[in-house]
Amino acid sequence: MLKWKVLITNYQFLDIYYEKKMLSDIGAEVIEAQCRTEDEVIEKAKGVDDLIVERAPITKKVIESLPQLKVIARYGIGIDVIDLKAASEHKVFCIKCA
């Protein structure tokens, strides 16, 4: 059985214990990073199904580089770091978590 992969691209919390716990409870593999650029996101996100993003730029270039991407979840206020048009064009579902 294939495992669902989730990349937490960046965060300002002390840790991501609860995110890891909830996702691992449903069988997802969690990858954590502190990406600051498009290229860092693309490098770390190879093969992931979902992104959880705080400030990392999720641009058209990022979305087009991740053909398996299904969901982008945004920590924080607003969704200005995500190219919503590109996400829509590639049928990637976007949600805001906080």
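Residues numbered from 1 in each chain as written. Predicted model: local features only at pLDDT ≥ 70, side-chain atom pairs only at ≥ 80, totals over all residues. Heavy atoms only, no water.

Draft legend 1. Broad picture of the packing of aromatic side chains. Enumeration according to the criterion identifies 2 aromatic pairs in this entry. Seen in terms of ring centroids, Phe-13 and Tyr-75 are 5.1 Å apart; in terms of plane orientation they differ by 80°. Their pairing is edge-to-face. Taken together, the residues span a long stretch of sequence, with Phe-13 in the loop between β1 (5-8) and α1 (17-25) and Tyr-75 in the loop between β4 (71-74) and α4 (84-89) at a distance of 62 residues. Here Tyr-75 falls in the buried class, since its relative accessible area comes to 10%. With a centroid separation of 5.0 Å and 80° between ring planes, the pair formed by Tyr-17 and Tyr-18 is classed as edge-to-face. Since its relative accessible area comes to 46%, Tyr-17 is described here as partly exposed. (Phe/Tyr/Trp six-rings, centres within 6.5 Å; stacked < 30°, edge-to-face > 60°. Helix = DSSP H or I, 4+ residues; strand = E, 2+ residues; numbered from the N terminus. Buried < 20%, exposed > 50% of the residue type's maximum accessible area, 1.4 Å probe, protein only.)

Draft legend 2. Summary view of the side chain of Glu-19. If you trace the backbone, Glu-19 turns up in helix α1. Buried and without a salt bridge, Glu-19 has Lys-20 as its closest oppositely charged side chain, separated by 9.1 Å. Apart from residues no more than four positions distant in its own chain, Glu-19 is found in contact with Ile-8, Phe-13 and Tyr-75. (Lys, Arg positive; Asp, Glu negative; His and termini not counted. Salt bridge = Lys/Arg side-chain N within 4 Å of Asp/Glu carboxyl O. Contact = heavy atoms within 4.5 Å.)

Draft legend 3. Expanded view of the pattern of salt bridges. Enumeration according to the criterion identifies 8 salt bridges in this entry. The shortest N-O distance in the salt bridge between Glu-32 and Lys-20 comes to 2.5 Å. Residue Glu-32 is located in strand β2 (residues 29-32), and its partner Lys-20 is located in helix α1; the two are separated by 12 residues in the primary sequence. Asp-49 serves as the salt-bridge partner of Lys-70, at 2.8 Å between the closest nitrogen and oxygen. Here Lys-70 is found in the loop between α3 (60-65) and β4, whereas its partner Asp-49 is found in the loop between α2 (38-44) and β3 (50-53), with 21 residues between them in sequence.

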